[in-house]
Amino acid sequence: MISPKYFREIPQRYRLEASRCKECGTIHFPPRLICNKCKSQEFETVKLSDSGKLATYTVIRVAPSKFSQETPYAIGIVELNDGVKLTAQIVETDLDKLQIGQNVKLVFRRIQDDGKAGIHCYGYKAVVS
Ligand SMILES: [Zn+2]
């Protein structure tokens, strides 16, 4: 069952929206209510860069049951050009050729389905660019 949290996170999942602190300029993703650097509560919405580098990754061979049909697959930490780090599945690539430091780009893809007749959930995944 897809939780209401999924719907609340659509601006981040679909449009890579983050919040930038108006006091110190720190970008928070996902957005926060209070800046963890300066405690300010004043933010503006910014759209993150969709390009960055692969900071690290791992190949999943034994997955949770929901994703067991997709094994093996890679999950990585991507450092975007604006410094934000996020976790994403790395798709459409030869897993044996992945390298830390590779240029990657975030793309919009289906993440999972909520049952046979349920809703489709979308979000970002990373491809080697
Ligand atoms: Zn701040």
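Since the structure is predicted, the reported quantities are computational estimates derived from the model, not experimental observations.

Draft legend 1. Examining the overall build of the chain more closely. Each helix and strand counted, the chain has two helices and eight strands in total. For the chain, the α and β elements follow one another from N to C terminus as α-α-β-β-β-β-β-β-β-β. Structurally, the chain occupies a C-alpha span of about 45 × 35 × 20 Å along its principal axes. For the chain, buried positions account for 33% of its 129 residues. Long-range contacts, defined as pairs at least 24 residues apart, comprise 45% of the intrachain contacts of the chain with a sequence gap of at least 6.

Draft legend 2. Just the side chain of Gln89, in detail. Examined against the element boundaries, Gln89 turns out to sit in strand S6 (residues 85-90). A distance of 3.3 Å separates polar atoms of two side chains, one belonging to Gln89 and the other to Lys125. Residues in contact with Gln89, not counting those within four places in the same chain, are Glu70, Tyr73, Ala74, Ile75, Lys125 and Ala126.

Draft legend 3. Inspection of the confidence of the model for the chain at higher detail. Per-residue confidence for the chain gives a mean pLDDT of 91; residues scoring 70 or more make up 98%. Within the chain, no element has a lower average pLDDT than helix H1 (residues 4-8), which sits at 77, and none a higher one than strand S4 (residues 51-60), at 97.

About the thresholds
- Residues numbered from 1 in each chain as written.
- Predicted model: local features only at pLDDT ≥ 70, side-chain atom pairs only at ≥ 80, totals over all residues.
- Heavy atoms only, no water.
- Helix = DSSP H or I, 4+ residues; strand = E, 2+ residues; numbered from the N terminus.
- Buried < 20%, exposed > 50% of the residue type's maximum accessible area, 1.4 Å probe, protein only.
- Contact = heavy atoms within 4.5 Å.
- Polar contact = N/O pair within 3.5 Å; in protein donor to acceptor, adjacent residues only side chain to side chain.
- pLDDT = per-residue confidence, 0-100.

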